[in-house]
4 protein chains.
Amino acid sequence: MDLKTPDHQNKTLTDVQSQQDSRRLDIDRVGVKDIRYPIIVRDRSRGQQHTIASINMYVKLPHLFKGTHMSRFLEVIAEYDEAISITSLPNLLEKIQSRLDAEEAHIELAFPYFIRKVAPVSKASALMDYQVEFMGVLDGDDYRMTMKVMVPVTSLCPCSKEISDFGAHNQRSHVTVSLQFNKFVWVEEIIDMVEKNASCQLYAILKRPDEKFVTEEAYKNPKFVEDMVRSVAADLEKDSRVSWFKVESENFESIHNHSAYALIEGGQKEL
Amino acid sequence: MDLKTPDHQNKTLTDVQSQQDSRRLDIDRVGVKDIRYPIIVRDRSRGQQHTIASINMYVKLPHLFKGTHMSRFLEVIAEYDEAISITSLPNLLEKIQSRLDAEEAHIELAFPYFIRKVAPVSKASALMDYQVEFMGVLDGDDYRMTMKVMVPVTSLCPCSKEISDFGAHNQRSHVTVSLQFNKFVWVEEIIDMVEKNASCQLYAILKRPDEKFVTEEAYKNPKFVEDMVRSVAADLEKDSRVSWFKVESENFESIHNHSAYALIEGGQKEL
Amino acid sequence: MDLKTPDHQNKTLTDVQSQQDSRRLDIDRVGVKDIRYPIIVRDRSRGQQHTIASINMYVKLPHLFKGTHMSRFLEVIAEYDEAISITSLPNLLEKIQSRLDAEEAHIELAFPYFIRKVAPVSKASALMDYQVEFMGVLDGDDYRMTMKVMVPVTSLCPCSKEISDFGAHNQRSHVTVSLQFNKFVWVEEIIDMVEKNASCQLYAILKRPDEKFVTEEAYKNPKFVEDMVRSVAADLEKDSRVSWFKVESENFESIHNHSAYALIEGGQKEL
Amino acid sequence: MDLKTPDHQNKTLTDVQSQQDSRRLDIDRVGVKDIRYPIIVRDRSRGQQHTIASINMYVKLPHLFKGTHMSRFLEVIAEYDEAISITSLPNLLEKIQSRLDAEEAHIELAFPYFIRKVAPVSKASALMDYQVEFMGVLDGDDYRMTMKVMVPVTSLCPCSKEISDFGAHNQRSHVTVSLQFNKFVWVEEIIDMVEKNASCQLYAILKRPDEKFVTEEAYKNPKFVEDMVRSVAADLEKDSRVSWFKVESENFESIHNHSAYALIEGGQKEL
């Protein structure tokens, strides 16, 4: 759905989008959603990694204009030829601003991010996936970025351990940290912070001695969903680079068919 | 995961949740998520209808307390014996406040809602589903409710119609209206508002003369994703009952493998 | 998308679907998919329950015919006015056969099914959801039905228990039983069969003494994903009513970010 | 969840999985599911491409053995260090057979696959995603492979065009081809086959003249869901390399809130 400004190739095709609109309503966000595209992201240990992103791109549309030239978003993405990373977002947003004559440009990049996990005893290693999202906004010259990292961990229930003669129910939990920072924070730093605060971290490969280790480790570190978000929030509050954060934990209870959930927000969010 | 205050049946089981926490961090939301439960909701034409909700319930937890008594959320739901509706939310939230000793209680109810659609020419009729969500918060005595309605419609591209010698691409679109009101608004009113602003509404059953009608109707009413959100926003601004709204439209483009998207927010949202 | 045979109301509208097709290719299945509709299903303890189904309906289309009259599927559904149950499937399929001039008719009904669960010690009770699917085929006069029930349970790892000094990892698992029977089997019977073979069953509400019970129960009954499918398969083999079955278990490992999975098929499936 | 055969590092940890099982039930499939892993696949135009796969791996477990050594599946994946492609599947399955002492090994690889699409008039180009799946089985020395390709296209309704004075409803459709071949077939060949049989193919970027082109192209080539599966099936029947196929089309109707669906199966499937 696109019309570019008239040119030789198609001078007769009316540019409907550029026509004026009389409803006098700005549109806060207009653009394209759920574009799947291969990208290359920075990786602290390996320099970079290839992954597949789901991309959303929007601009703010002043009330005067009837429509947006949607194809231009895709043209910008195509020009990067897959080399889109956190560092290229401000420049990419500038391109969107100029190509779409927009004051305010938004991009959202969600992708699986892989880290080599080394088993605690056997040292067997393989990659494990984490879900990461970058959300960037360029409003005039003002750039703001929000990072979101979802870390799957093991949680073991303190109350179940306390009241039971043996065993304790435990389960996979998703701890999601959203944050804004004034000094660069690596995805890996957030993952480490969450994993050290969990009952135990997950691994891609676990041999028998590793399985003994993680089982006992989780049992020694029982955590309520409330404990998880509080201990991660406490660490984020101590980090001077972090200006705003939201920590959520969802525990896929092994004794129920529903989840336990907790959320703590801290600092000042820039919108 | 729950401990109730000690009683004869289990006086020896320590109430871990009620222990104090030293991290001095309030938890903004803690509770249960993704509970599926049958409910009965009000229905403007039929009085009521049975549906299945996905329910989330949370409380704000003061920093002094280590944990929440999760099972009490389920007890509250169970007491209603399926008769949970928009009108029972304030009362239900009061129960959560008292049973969990909480100042602030939250509930989110998402469910498919069915309306009998009558075909425009043949008058053949059947039920069609819309996705509805109610989000209620009780903070002390202050109750606030947000309603969200997703309406699937047909959108036909004005530019495609304008520049093509015949035909015009069209597709299914999801128009989602979130709103807060100071005077009751029916889900049906929001659905009507969206459907009259679309290129054409959807139907459960369409016989041949109906199909001719909806095809020509859509062709006569081309709408950009921008037009959809603007015309619905304009109607919501005129409605004195509406204190805040957000209108989103996602068009599942028939010519692309991604969506076109637009959003307009208006009024003052109460958090 | 539908054309009914010409009538006064629209004699001029060509019936494209009824035109002949020259490619000489039968279509194995053609119809409508993902219709959401409220239904009422039989319930062993309460007589009946209201739920929401996702419905697919198909017919086999002989090579002579160009198209199907899709709206007739919806007309059949609408006539039942929500009173669709396992017992009405044969009759419903006959209606599809006659209304669509088809030899072979298919229906698939998937819906959440609710059962009141009573906590093992406190006896606190609430409804819990199970995912159920009925698949019916009427080929001439030959009716065949397949039932599918997904039962969420707790699984506790025998090896983790064996090698660890304390604790054992456990998680939520989905055990799915698909079966064909020559004598009626209740959904509830399948659920009971699966739950008694799990490390422990799930509950909607668990008070403190219940949580102690389920934790210890799971620890006393460790099961590999292999044990789960074998013990359920053994019970199904003993049941003379069951002519064919498939048992699957997926364990959402609490120590990994992936699942463990096992499958056993038994008996003779009728297609 | 894994125990490797005893070694110096952990000679005391009992190998529970290797213990015998008395239920005398073979397990048809047991293994790991939903592992996300980066892979590199062959690409007809670019040689290779990086993508992210969702991987399932199973073996058949003889009734004598109690359990499987799950971690070995991950070890095999890790050894390939991302260089997993359709050509490496037989060798990978051999590794699974030997490492897990299994007669029969299964692997399923599902991933987004990207192709550069060039707009019909403006020649603007960008990548577009298709969903691809490879399913390989090695039973003794007998290797069988099934390929599945999902191609999103535009479908325009012939009946809507025929009976309407102007316009015709059209929508995005998903055409899925599953096939077995005795001589190599490129994913790109299947995509081309489907796209030329659709009302029109989809593109990543469409400028104004392109949009005019695809709109008119779709209008000139109306196709029922039945036509789509028949014309693709006819082409597959003519291809001597194809020993078995299944063609499905799901049209996300722009005039309904449900889909139209059709399926044709042909040839002899090897299980």
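For the structure given in this document, a descriptive report is provided here. Since we're looking at a predicted model, the values are computed, not measured.

A look at the relation of the copies chain A and chain D
A rotation about some axis, followed by a shift along it, carries one copy of the chain onto the other. Of the transformation superimposing chain A on chain D, the axial component is 0.0 Å and the angular component is 180°, with the fit at an RMSD of 0.0 Å. Read as a symmetry element, the transformation amounts to a two-fold axis. Here 100% of the interface residues in chain A have copies in chain D that are interface residues too; the copies meet face to matching face.

Concerning the packing of helix 1 (residues 71-79) of chain A against helix 2 (residues 89-99) of chain A
Residue and element names in this part refer to chain A. One can describe the packing of helix 1 onto helix 2 by two numbers: an axis separation of 10 Å at closest approach and a directional angle of 145°. In the crossing of helix 1 with helix 2, the sense of the turn from one axis to the other is right-handed. Contacts between helix 1 and helix 2 involve Arg-72, Phe-73, Glu-75, Val-76, Ile-77 and Glu-79 from the first element and Leu-92, Lys-95, Ile-96 and Arg-99 from the second. Broken down by class, the residue content of the contact of helix 1 with helix 2 amounts to 5 nonpolar, no polar and 5 charged.

Some points on the interface of chain A and chain D
It is common to give the size of an interface as the accessible area that goes away when the parts come together. Each partner contributes residues to the interface: chain A has 43 residues there, and chain D has 43 residues. Three residues stand out in chain A for area buried against chain D, namely Arg-36, Lys-207 and Arg-208 of chain A, and they jointly supply 23% of the buried area on that side. Counting across the chain A and chain D interface gives 4 salt bridges. Between Arg-36 of chain A and Asp-129 of chain D there is a salt bridge, and its shortest N-O distance comes to 2.9 Å. Along the contact surface separating chain A from chain D lie 14 residue pairs in polar contact (both at pLDDT 80 or more). For the side of chain A that touches chain D, a count of residues per class yields 18 nonpolar, 10 polar and 15 charged.

Regarding the pattern of salt bridges
The full count for this structure, using the stated rule, is 77 salt bridges over all chains. The salt bridge involving Lys-117 of chain B is made with Glu-195 of chain B; its shortest N-O contact spans 2.9 Å. Here the residue Lys-117 of chain B occupies a position in strand 3 (residues 104-118), and Glu-195 of chain B occupies one in helix 4 (residues 187-197), the gap between them amounting to 78 residues. When sorted by exposure, Lys-117 of chain B lands in the same class as Glu-195 of chain B, which is buried. In this structure, Asp-235 of chain C engages Lys-238 of chain C in a salt bridge whose closest nitrogen and oxygen atoms are separated by 3.1 Å. Highlighted residues: Asp-235 of chain C and Lys-238 of chain C, both in helix 6 (residues 225-238), separated by 3 residues, approximately one helical turn.

Quick look at the interface of chain A and chain B
Taken residue by residue, the interface counts 58 residues in chain A and 58 residues in chain B. Summed over both sides, the interface between chain A and chain B buries roughly 4,500 Å², with carbon and sulfur atoms accounting for 61% of that surface. Counting the contacts that link chain A with chain B gives 4 salt bridges. Asp-227 of chain A is the partner of Lys-66 of chain B in a salt bridge, and the nearest nitrogen-oxygen pair spans 3.0 Å. Our enumeration of links across chain A and chain B arrives at 26 residue pairs in polar contact (both at pLDDT 80 or more). Mapped by element, the contributors of at least two residues to the side of chain A that touches chain B are strand 1 (27-43), strand 2 (47-61), helix 3 (158-163), helix 6 (225-238) and strand 9 (259-267) of chain A. Taken together, the residues that form the side of chain A that touches chain B break down as 29 nonpolar, 12 polar and 17 charged. For strand 9 of chain A and strand 1 (residues 27-43) of chain B, the ladder comprises 5 bridges, and the chain directions are antiparallel. Each residue of the ladder has a partner; that of Leu-263 of chain A, found in strand 1 of chain B, is Arg-29 of chain B.

Describing helix 5 (residues 208-220) of chain B
A turn of α-helix holds 3.6 residues, and therefore any two residues three or four places apart point the same way. With 13 residues, helix 5 of chain B extends 19 Å between its outermost C-alpha atoms, agreeing within 8% with the 18 Å of an ideal straight helix rising 1.5 Å per residue. Within helix 5 of chain B, 10 of the 13 residues are buried, which leaves it mostly tucked inside the rest of the structure. Considered for burial, the residues of helix 5 of chain B that qualify are Arg-208, Pro-209, Asp-210, Glu-211, Lys-212, Val-214, Thr-215, Glu-216, Ala-218 and Tyr-219 of chain B. Looking at the packing, one finds that the buried side of helix 5 of chain B touches strand 5 (142-156), helix 3 (158-163) and strand 7 (200-201) of chain B together with helix 3 (158-163) of chain D.

Side note on the relation of the copies chain A and chain B
Mapping chain A onto chain B leaves a residual RMSD of 0.0 Å; the transformation is a rotation of 180° accompanied by 0.0 Å of translation along its axis. Most of the interface of chain A is mirrored in chain B, where 100% of its interface residues are also at the interface.

Quick word on the environment of Ala-198 of chain C
All names here are of chain C. Mapped onto the secondary structure, Ala-198 falls in the loop between helix 4 (187-197) and strand 7 (200-201). Placed 26 residues apart in sequence, Ala-198 and Phe-224 show a C-alpha to C-alpha distance of 9.6 Å. If sequence neighbours within four positions are ignored, Ala-198 has contacts with Val-153, Thr-154, Asn-221, Lys-223 and Met-228.

Observations concerning the packing of aromatic side chains
Two numbers describe a pair of aromatic rings. These are the distance of the centres and the angle of the planes. One pass over the structure, following the stated rule, counts 22 aromatic pairs over all chains. An angle of 80° between the planes, with centres 6.1 Å apart, marks the rings of Phe-181 of chain A and Phe-184 of chain A as edge-to-face. Judged by relative accessible area, Phe-184 of chain A falls into the partly exposed class, the value being 31%. Where Tyr-219 of chain B meets Phe-166 of chain D, the ring centres are 5.3 Å apart and the plane angle is 35°; that geometry is what we call tilted. Of this pair, Tyr-219 of chain B sits in helix 5 while Phe-166 of chain D is found in the loop between helix 3 and strand 6 (170-181), placing the two residues in two different chains. The class for Tyr-219 of chain B is buried, based on a relative accessible area of 14%. Within the aromatic cluster, the residues linked to one another by ring pairs are Phe-181, Phe-184 and Trp-186 of chain A. Lying across the ring of Phe-184 of chain A, Arg-42 of chain A places its NZ or CZ 5.1 Å from the centre.

About the cut-offs
Residues numbered from 1 in each chain as written. Chains lettered and ligands numbered in written order. Predicted model: local features only at pLDDT ≥ 70, side-chain atom pairs only at ≥ 80, totals over all residues. Heavy atoms only, no water. Least-squares fit on C-alpha atoms with pLDDT ≥ 70 in both. Contact = heavy atoms within 4.5 Å. Axes fitted to C-alpha atoms, helices over the stretch in contact; angles between N-to-C directions. Helix = DSSP H or I, 4+ residues; strand = E, 2+ residues; numbered from the N terminus. Left-handed = near helix turned anticlockwise from the far one by under 90°. Nonpolar A, V, L, I, M, F, W, Y, C, P; charged D, E, K, R; others polar. Buried area = accessible area lost by both parts, 1.4 Å probe. Salt bridge = Lys/Arg side-chain N within 4 Å of Asp/Glu carboxyl O. Polar contact = N/O pair within 3.5 Å; in protein donor to acceptor, adjacent residues only side chain to side chain. Buried < 20%, exposed > 50% of the residue type's maximum accessible area, 1.4 Å probe, protein only. Pairing = 2+ DSSP bridges. Expected span 1.5 Å × (residues − 1). Phe/Tyr/Trp six-rings, centres within 6.5 Å; stacked < 30°, edge-to-face > 60°. Lys NZ or Arg CZ within 6 Å of the ring centre and 35° of its normal.

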